[in-house]
Amino acid sequence: MDQKGSNKSMDIKIENFDISFGDKTLLTGADLTLVYGRRYGMVGRNGIGKSTLLRMVSSGQLKISNHISVLHVEQEVVGNDTIALDSVLECDEKRQSLIEEEKKILQSLNNNGEDSQSSGRLQEIYAELQGMEADKAPARASVILAGLGFSPEMQRKATKEFSGGWRMRIALARALFSKPDLLLLDEPTNMLDMKAIIWLENYLQTWESTILVVSHDRRFLDTVATDILHFHSQHIEGYRGNYENFVKTMTEKLKHQQREFEAQQQYKAHVQEFIDKFRYNAKRASLVQSKIKMLEKLPELKPVEKETSVVLRFPNPEFLQPPVLQLDEVFFAYPSSPDTIVLNNVNLSANMGSRICIVGDNGSGKTTLLKLLIGDHEPTKGIRHAHRNLVIGYFTQHHIDQLDMNVSSLEFLAKRFPGKSSEEYRRQLGCFGVTGDLALQSVASLSGGQKSRVAFAAMAMLHPHFLILDEPTNHLDVETVEALGIALQHFSGGVVLVSHDEQLIEMVCQELWVCRNGTVSSISGGFSQYRKLVEEELAAQA
């Protein structure tokens, strides 16, 4: 149909395909149907192949119609001298090429004087630019960047001045500005703060073309998705409705499937009993034969294949008498710019029972506060007090990036913590779901969520009294986020968490600390109260 030029449908249907990665089969005889204008959330366990599937659609290895434009937000924008706003505008190639042509013609007219051909072409260009509302493009690009957290000053900064996380946001802004027919997003909320997530949720609800998003954020999937694709057992199963609806429907479906299977097993056993009883009874021979045939014709029902539940376990530390960790009237400024106070008069006290969650916009000082707590930064003024026996386990995205990619998880732990038995390393990895052959695979071949688990295992080897976790849910699947919440509930040490994952915060945190304008303040009413404050702020800005 593509060759004949007769295919105008914007729906996507990829039927009966297989995907393998190395010697691992990810999908067999799978079907993927995406109806134009619907927003699909894809869920499934870590390492099952969700990101691989998105890459295969975007690279054209899985064929879709040529007239459907696809954009996959995967890599951050390259850092160069282009300013952020121009980087977004550049991705409208049609507009860009018309503006370039206009510049050349104007230059030629300035140098060589008027000529009717050039003037005629210039009029055509102006008509085309007007037709596509090119003059409104900078404002539209600016609104998208602002929604993703870029102030007017930041929009004028060169892309090379931004960190990887911010350059990833520019890549997301470019995709939203381009309006492709199929937008592929892989964990878009990972690099966003609460304000940007709420803005993105609202923006995507008015999206007119098709979205396929992989996300672990239940709230995001509930707000954005019109359909859920469940990737499991080498198949993809579609469900109408958002994530909450999917959980209900799937639970009911599995119950029904199990009931049908059990009823059939009972019926088979009952018939088999009759066959065994009268097998050698000549008078009943024909009846026995008909029962045997009837059994053979029964459809083969399968018991419910339950996905193994995820369990994470942190070792419990010895108890430390309070005070364990305190910041008293702490001020902090970076030595490179001593006049810019990043944190102002911070008072924070945490003990073995503490469950503190720190929230705030990007750049509000959350990571600086964590570094003061762990002792990486010295206060400019004020005192950090820590118990002399205190051992802190610190987890960041940086720790995942620093894993040795060329060795297996087992070898990585042995190199980092030498002198223990292979069983000890295996047991530690097993506490975080890295079991069997997975522990012997190279770290490079693991999914993002599996790498996070290896980093958790390495942190747990320290037997910390305190866990300080900076965005620990990035790359974890929904079930592992829940398992992490349960593990932190059972952990007898202190927990300080920087996260915007509502599910985890509500499971774990008893205190909510908000970083804003250089101050840190406690907020009662929990995460829902914080979300309400952010929504009010956004409404005021709009």
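Residues numbered from 1 in each chain as written. Predicted model: local features only at pLDDT ≥ 70, side-chain atom pairs only at ≥ 80, totals over all residues. Heavy atoms only, no water.

Colleague: Tell me about the environment of Asn406, residues and numbers included.
Modeller: With respect to the helices, strands and loops of the structure, Asn406 is situated in the loop between α13 (397-401) and α14 (409-416). On the basis of relative accessible area, Asn406 is assigned to the exposed category, the value being 71%. Once the C-alpha coordinates of Asn406 and Val443 are considered, the two residues, 37 residues apart in sequence, prove to be 6.5 Å apart. (Helix = DSSP H or I, 4+ residues; strand = E, 2+ residues; numbered from the N terminus. Buried < 20%, exposed > 50% of the residue type's maximum accessible area, 1.4 Å probe, protein only.)

Colleague: Describe in detail helix α17 (residues 478-490), supporting the description with residues and values.
Modeller: Taking 1.5 Å per residue, 13 residues should reach 18 Å; α17 reaches 19 Å between its end C-alpha atoms and fits that length. Among all positions of α17, only Val478, Thr480, Val481, Ala483, Leu484, Gly485, Ala487 and Leu488 are buried. (Expected span 1.5 Å × (residues − 1).)

Colleague: Describe the pairing of strand β1 (residues 12-21), listing the residues and the values that go with them.
Modeller: In terms of strand pairing, β1 meets strand β2 (residues 24-34) through seven bridges, oriented antiparallel. Residue pairing across strands places Lys13 opposite Thr33, the latter belonging to β2. The antiparallel pairing of β1 with β2 creates a hairpin that spans two residues between the two strands, and Gly22 there sits at a positive phi of about 65 degrees. (Pairing = 2+ DSSP bridges.)

Colleague: Lay out the side chain of His387 in plain terms, naming residues and giving numbers.
Modeller: You can see His387 is positioned in the loop between β12 (381-386) and β13 (392-395). With relative accessibility at 19%, the residue His387 sits in the buried group. Among all residues touching His387, those that are not within four sequence positions of it are Leu320, Gln321, Pro323 and Val324. (Contact = heavy atoms within 4.5 Å.)

Colleague: So, the nonpolar core: which residues are in play, and what are the values?
Modeller: Membership of the largest hydrophobic core comes to 54 residues, with the highest contact counts inside it found for Phe314, Val359, Phe432, Phe456, Leu484, Leu488 and Tyr530. With seven residues, helix α16 (residues 448-460) is the single largest residue contributor to this core. For Leu484, the residues in contact, after removing those within four places along its chain, are Leu312, Phe314, Phe456, Pro472, Leu476 and Leu504. Within the second largest apolar cluster, 39 residues are counted, among which are Leu176, Leu192, Ala196 and Leu200. (Core = buried A, V, L, I, M, F, W, Y, C linked by side-chain atoms within 4.5 Å.)

Colleague: Any details on the sheet that holds strand β16 (residues 511-516)? Residues and values, ideally.
Modeller: Here six strands make up an open sheet; going across it, the order is β13-β14-β15-β11-β16-β17 and the pairing mixed. Whereas interior strands pair on both sides, the edge strands pair on one side only; in this sheet they are β13 and β17 (519-523). Each strand of the sheet is rotated relative to its neighbour by a mean of 20 degrees, with strand direction disregarded. In the packing of helix α19 (residues 526-541) onto the sheet, the strands contacted are β11 (355-360), β16 and β17, and the crossing angle to β16 comes to about 25 degrees. (Axes fitted to C-alpha atoms, helices over the stretch in contact; angles between N-to-C directions.)

Colleague: For the pattern of salt bridges, give the residues involved together with the corresponding values.
Modeller: In the structure shown here, the tally under the stated rule is 19 salt bridges. In this structure, the salt-bridge partner of Arg531 is Glu201, at a minimum N-O distance of 2.8 Å. Of this pair, Arg531 sits in helix α19 while Glu201 sits in helix α8 (residues 194-204), and the two are 330 residues apart along the sequence. Residue Arg531 is classed as buried on the basis of its relative accessible area, which comes to 5%. Taking the relative accessible area as the measure of exposure, Glu201 reaches 2% and is therefore buried. Through salt bridges with shared partners, one network takes in Glu201, Arg219, Glu502, Arg531 and Glu535. (Salt bridge = Lys/Arg side-chain N within 4 Å of Asp/Glu carboxyl O.)

Colleague: So what's going on with the packing of aromatic side chains? Residues and values would help.
Modeller: Between two aromatic rings, the relevant description is the distance of the centres plus the angle of the planes. Counted by the stated rule, this structure contains 14 aromatic pairs. When the ring of Trp199 is compared with that of Tyr203, the centres are 4.7 Å apart and the planes differ by 25 degrees; the resulting orientation is stacked. Within this pair, Trp199 and its partner Tyr203 are both found in helix α8, separated by four residues, close to a single helical turn. Both residues of the pair, Trp199 and Tyr203, count as buried. Among the aromatic residues, those joined into a ring-pair cluster are Phe314, Phe395, Phe432, Phe456 and Phe491. Above the face of the Trp166 ring, Arg169 is positioned so that its terminal group lies 4.2 Å from the ring centre. Seen from the ring of Phe274, Lys291 lies directly overhead, with NZ or CZ sitting 5.2 Å from the centre. (Phe/Tyr/Trp six-rings, centres within 6.5 Å; stacked < 30°, edge-to-face > 60°. Lys NZ or Arg CZ within 6 Å of the ring centre and 35° of its normal.)

Colleague: Before we move on, could you go through the packing of α8 against α19 and cite the residues and values that matter?
Modeller: The geometry of a pair of packed helices is captured by two quantities: the angle between their axes and the separation between those axes. Running from N to C, α8 and α19 cross one another at 65 degrees; their axes reach a closest spacing of 10 Å. In terms of axis orientation, α8 runs roughly perpendicular to α19. The hand of the α8/α19 crossing is right-handed. For the pair α8 and α19, the contacting residues are Met194, Lys195, Ile198, Trp199 and Glu201 in the first and Phe527, Tyr530, Arg531, Val534, Glu535, Glu537, Leu538 and Gln541 in the second. (Parallel < 35°, antiparallel > 145°, perpendicular 65-115°, else oblique. Left-handed = near helix turned anticlockwise from the far one by under 90°.)

Colleague: Tell me about the state of the cysteines, and name the residues and values.
Modeller: Enumeration according to the criterion identifies zero disulfides in this entry. Take Cys357: it sits in no disulfide, and the sulfur closest to it among the cysteines is that of Cys509, at 4.1 Å. (Disulfide = S-S within 2.5 Å.)

Colleague: Break down the packing of helix α7 (residues 164-178) against α8 for me, citing the residues and quoting the values.
Modeller: It is the contact of α7 with α8, at a shortest axis distance of 13 Å, that shows an interaxial angle of 15 degrees. One finds that α7 runs roughly parallel with respect to α8. In terms of crossing hand, the pair formed by α7 and α8 is left-handed. Of α8, the residues touching α7 (which contributes Arg169, Leu172 and Leu176) are Ala196, Trp199, Leu200, Tyr203 and Leu204. Looking at the contact of α7 with α8, its residues break down into seven nonpolar, no polar and one charged. (Nonpolar A, V, L, I, M, F, W, Y, C, P; charged D, E, K, R; others polar.)

Colleague: Which residues make up the environment of Leu34, and what are the values?
Modeller: Relative to the elements of secondary structure, Leu34 occurs in strand β2. What makes Leu34 buried here is its relative accessible area of 1%. For the pair Leu34 and Lys381, spaced 347 residues apart in sequence, the C-alpha to C-alpha distance is 57 Å. Filtering out sequence-adjacent residues up to four positions away, Leu34 remains in contact with Asp11, Ile12, Tyr40, Leu182, Thr210, Leu212 and Leu229.

Colleague: Let's hear about the sheet that holds strand β9 (residues 325-332): which residues, and what values?
Modeller: Read from one edge of the open sheet, three strands run β10-β9-β12, paired in antiparallel fashion. A strand with exactly one partner marks an edge of an open sheet, and here the two such strands are β10 (343-350) and β12. Strand-to-strand twist in this sheet, taken as the mean axis angle between neighbours without regard to direction, amounts to 10 degrees. Where β9 meets β10, five bridges bridge the pair, whose relative direction is antiparallel. Looking across to β10, one finds that Leu325 is bridged to Ala350. Here helix α12 (residues 366-374) sits on the sheet in contact with β9, β10 and β12, set at roughly 125 degrees to β9.

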